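Close look at the chain arrangement
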Amino acid sequence: MYLFKLTGDLRAALEQEKKAGRTVGFVPTMGALHEGHLSLIRTAKEQTDIVVCSIFVNPTQFNDPKDFEKYPVTISADIQKLAAAGTDILFLPSVDTMYPEGVNGQHPHYDFGYLETVLEGAYRPHHFQGVGIVVHKLLDIVQPDDLFMGQKDFQQCMIIKRLLEITGIPSKLHICPTLRENDGLAMSSRNMRLDPAARQTAVQISKTLLYMKENIKHLPFVNLKQNAYNQLQNDGYQVDYVEIANADNLQLLDKPNGSPMVLLVAAKLGDIRLIDNMVVEGAVTTKL
Ligand code: PAF
């Protein structure tokens, strides 16, 4: 695995690969890598010739500075995991490399429309602009044929799909399934910050989503969401939202309308904010 810290060096290396006719797959990350990230690398490896992974904890996407400061950093372990998973190139830029204009400098503003106003967009102001800014920069540098991202960040995937449309960047987005621990907890870098008691409680988010999935045909959405909310609150969470949305456009639903659906939860355990989602397969037709 080659490691690049500078944009020019990475561009030059990738130019050689592309000239030789090799396809490039890209997995952007903020490090603190877990099996979920590595499964993205493995999928990219199966589908493209050269796999590039970036590790960059992007300051512009943290609406809460404390969350940024506490974001886990495990670079040496990450490098070993990436090499073992078959990554060809690791891009490890500094803040100055990614933001020569300065973190508080002039950045583009993307029109993500409705997508930026709901759920994570409503609870984390400016977050998706920050994601858009950094992913646009990274795509500009790597110019991948294929881009691999995890369904765990469902709304982020929709934002990136929109970013590709807005910018006309031709990379193909692959949204890969969420990986879960044996008890169902969605893998996330933030899980590293959970103490043993919080780790035990953390599983309740996926259990709540499963409860919703199993009962979506039997209960009015308002009751289903309220039960889920109450359950999480009883378990000690501070709940941001429990929602049911159209999986194609994130319009919030108060009853089934024949569209594919996604169940989404965001809740805090102490100062650790967890999100998770599950897609409901097949149309839910019960009249409520
Ligand atoms: O999902 C993440 O890890 C980040 O939001 C991303 C896409 C790497 C942008 O910083």
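The present account deals with the structure reproduced in this document. It should be emphasised that the depicted structure is a prediction, and the values quoted were computed from it without experimental measurement.

Rules used throughout
- Residues numbered from 1 in each chain as written.
- Predicted model: local features only at pLDDT ≥ 70, side-chain atom pairs only at ≥ 80, totals over all residues.
- Heavy atoms only, no water.
- Near = heavy atom within 4 Å.
- Polar contact = N/O pair within 3.5 Å; in protein donor to acceptor, adjacent residues only side chain to side chain.
- Areas by Shrake-Rupley, 256 points an atom, 1.4 Å probe, with all protein chains shown as cover.
- Helix = DSSP H or I, 4+ residues; strand = E, 2+ residues; numbered from the N terminus.
- Nonpolar A, V, L, I, M, F, W, Y, C, P; charged D, E, K, R; others polar.
- 1 Å grid on protein atoms, 1.4 Å probe; cavity = no way out; pocket = protein on both sides within 12 Å on 5 of 7 lines; lining within 4 Å.
- Points joined across faces, edges and corners; volume = space filled by probe spheres on them.
- Buried < 20%, exposed > 50% of the residue type's maximum accessible area, 1.4 Å probe, protein only.
- Pairing = 2+ DSSP bridges.
- Right-handed = clockwise from strand over helix to strand, strands pointing away.
- Contact = heavy atoms within 4.5 Å.
- Disulfide = S-S within 2.5 Å.

Considerations on the site of the ligand
If you check the shell around the ligand, you find Pro28, Thr29, Met30, Asn58, Gln61, Val134, Val135, Met149, Asp153 and Gln156 and nothing else. For the ligand, an oxygen atom lies 2.6 Å from a polar atom in the side chain of Gln61. Considered on its own, the ligand offers 290 Å² of accessible surface; in the complex 89% of this is hidden by protein. Sorting the residues of the shell around the ligand by element identifies strand S2 (24-29) and helix H7 (127-142) as the ones contributing at least two each. The class makeup of the residues in the shell around the ligand is five nonpolar, four polar and one charged.

Concerning empty space enclosed by the protein
Taken as a whole, this structure holds one cavity of 30 Å³ or more when the rule is applied. Lining the largest cavity are Lys152, Leu185, Ala186, Ser188, Asn191, Ala202, Ile205, Ser206, Leu274, Ile275 and Asp276. Of the residues forming the lining of the largest cavity, the biggest block, three residues, is contributed by strand S9 (residues 272-280). Residue classes in the lining of the largest cavity are distributed as six nonpolar, three polar and two charged.

Some remarks on the pairing of S2
By the criterion of burial, S2 is predominantly enclosed, with six of the six residues buried. Here S2 shows two buried faces, one formed by Val24, Phe26 and Pro28 and the other by Gly25, Val27 and Thr29. In this sheet, strand S3 (residues 50-55) lies alongside S2 in parallel orientation, the contact comprising six bridges. Bridging from a neighbouring strand, Phe26 pairs with Val52 of S3. Viewed along the sheet, the connection from S2 through helix H2 (residues 35-47) into S3 turns out right-handed. In the sheet, S2 pairs with strand S5 (residues 146-150) via two bridges, with the strands oriented parallel. Of the residues in S5, the one forming a bridge with Gly25 is Asp146.

Focus: the layout of surface pockets
Taken as a whole, the second largest pocket holds about 260 Å³ of empty space. Around the second largest pocket sit 14 residues that line it, and Leu115, Met158, Lys161, Asp248 and Asn249 are the ones nearest its centre. Broken down by element, the residue count for the lining of the second largest pocket peaks at six residues, all from helix H8 (residues 154-167). Classifying every residue of the lining of the second largest pocket by side-chain character gives seven nonpolar, three polar and four charged.

A closer look at the environment of Met1
Inspection of the secondary structure puts Met1 in the segment before strand S1 (2-4). With a relative accessible area of 40%, Met1 lands in the partly exposed category. With 85 residues separating them in the primary sequence, Met1 and Gly86 have C-alpha atoms 7.7 Å apart. In this structure Met1 touches Ile79, Leu82, Ala83, Thr87, Asp88, Ile89 and Leu90, once residues within four positions along its chain are discounted.

Observations regarding the state of the cysteines
Cysteine pairs can be covalently joined through their sulfur atoms, and such a bond is termed a disulfide. Inspection of the entire model under this criterion finds zero disulfides. Sulfur of Cys53: no disulfide; nearest cysteine sulfur belongs to Cys176 and is 13 Å away. Classification of Cys53 by relative accessible area gives buried; the value is 0%. Cys176 takes part in no disulfide bond, and the closest cysteine sulfur, belonging to Cys157, lies 8.4 Å away. With relative accessibility at 7%, the residue Cys176 sits in the buried group.

Keep in mind these numbers describe shape, not what the thing actually does.
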